[in-house]
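Residues per chain, in single letters:
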Amino acid sequence: MSSKFKRMDGFHRLESLWRIEYKAITMEPFLTRGVSDELKDEIGDLLGKTLPKPDLDAVPLIMDNKAVLTGNAVKGIFRHLLSAQLTHAGIKVCVQDVKVRPIEPGSQKQSEDKVKEMGRLTQCSPDNPCFICTWFGTASRQGALYFSFLKSVKDIEEILVEEPIPMVALAEDTNALIATRGMGRFALLAPLKENVEFRGWIKGENLSEEIIGAIKEVQDMSEKGFVQFGGFKTRGFGALRIEILKIEKYETAPFKLRKSYEGDELKSFLDECQRKYHSLLDRGSRS
Ligand SMILES: [Zn+2]
């Protein structure tokens, strides 16, 4: 019972607001899953080549001429990595009901056993959320973290690969758009290049040092290429290196900036938060 995390004040009382600004740089070719045919034609025109196939099978998602990744996709990666890490550390986090497929219709008990085998809890009740649900939310309640769109700094023309990448589509590749859409065994992908910079930010309510440390932890994993976004991950796409640039903490009554962390101050603040998060992981392994 010693693995208690610092509880949040609750949504009814807004003690602090946080703004975490970060950049993300592609370390590998990168593809979100743009799906419209119109977009594929546009990207095909941009590449301006005579393509060996009439159509591209996958192109990035584009908004205002920038490549984008939705906030929800970013949040999903953070949630997944931290849930898995906490589980390994012996800290119980839940599995949301939507993720648990009953083995047989009505066999609620069996799916609960399955969740326990995974070292997880069944979905938290709203009044007693686990660490992950506290910060990332549940199906029925928003969490305290909100992720913005990640948006490329440069226009799409400058960041697309010069030549589309041909790929052989494998049926067992569940990640591939091409297999599910039955486009045959040969696919043409138009990803972004390496070293493309995205910017985004994370908004937080009443954040604890532990959850800020957890976000720093994901940054550290990303530096070694372990954090992948977008589609075609099994083909070696999608590793992004994350770097937190600035953290602002705001007072709420009245609303005003209390502290802006940058440079060396940001670094020592993040190190301190990460120590708190590591100590939570530690308590998990000892309980
Ligand atoms: Zn939970």
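Residues numbered from 1 in each chain as written. Predicted model: local features only at pLDDT ≥ 70, side-chain atom pairs only at ≥ 80, totals over all residues.

## Let's talk about helix α8 (residues 263–286)
In this model α8 runs 35 Å from its N-terminal to its C-terminal C-alpha over 24 residues, within 8% of the 34 Å that 1.5 Å per residue would give. Buried positions along α8 lie against α2 (71–88), α7 (209–223), β11 (240–252) and β12 (255–261). (Helix = DSSP H or I, 4+ residues; strand = E, 2+ residues; numbered from the N terminus. Expected span 1.5 Å × (residues − 1). Contact = placed C-beta atoms within 7 Å.)

## Quick look at the environment of K66
In this structure, K66 sits in strand β3 (residues 66–69). Here the alpha-carbon distance between K66 and I159, two residues 93 residues apart in the chain, equals 9.2 Å.

## Looking at the pairing of strand β1 (residues 16–26)
In terms of strand pairing, β1 meets β11 through 11 bridges, oriented antiparallel. Across the sheet, the residue bridging to S16 is E251, located in β11. Relative to strand β10 (residues 197–205), β1 runs antiparallel, the two being bridged by nine bridges. Along β10, the bridge assignment pairs W18 with G204. (Pairing = 2+ DSSP bridges.)

## Quick look at the environment of F186
As for its position among the elements, F186 is in strand β9 (residues 186–189). Between the C-alpha atom of F186 and that of V168, which follows or precedes it by 18 residues, the distance is 4.7 Å.

## Thoughts on the nonpolar core
Ranked by size, the top nonpolar core spans 64 residues in total, and within it F131 and I132 carry the most contacts. The residues touching F131, leaving out its near neighbours within four places in the chain, are F5, L86, I91 and V93. (Core = buried A, V, L, I, M, F, W, Y, C linked by C-beta atoms within 7 Å. Buried ≥ 20, exposed ≤ 12 C-beta atoms within 10 Å, placed from the backbone.)

## Here we look at the packing of α7 against α8
In contact at an axis separation of 7 Å, α7 and α8 are set at 100° when each is read in the N-to-C sense. The pairing of α7 with α8 is recorded here as roughly perpendicular in orientation. Residues E209, E210, I212, G213, A214, K216 and E217 of α7 form the contact with α8, whose own contacting residues are L270, E272, C273, Q274, K276, Y277 and L280. Across the contact of α7 with α8, the residue classes break down as six nonpolar, two polar and six charged. (Axes fitted to C-alpha atoms, helices over the stretch in contact; angles between N-to-C directions. Parallel < 35°, antiparallel > 145°, perpendicular 65-115°, else oblique. Nonpolar A, V, L, I, M, F, W, Y, C, P; charged D, E, K, R; others polar.)

## A few points about α7
Across its 15 residues, α7 extends 21 Å between first and last C-alpha, which sits within 8% of the 21 Å expected from 1.5 Å per residue. The set of residues buried in α7 consists of E210, I211, I212, G213, A214, I215, K216, E217 and S222. On its buried side, α7 packs onto β1, α2, α4 (131–136), β10, β11 and α8.

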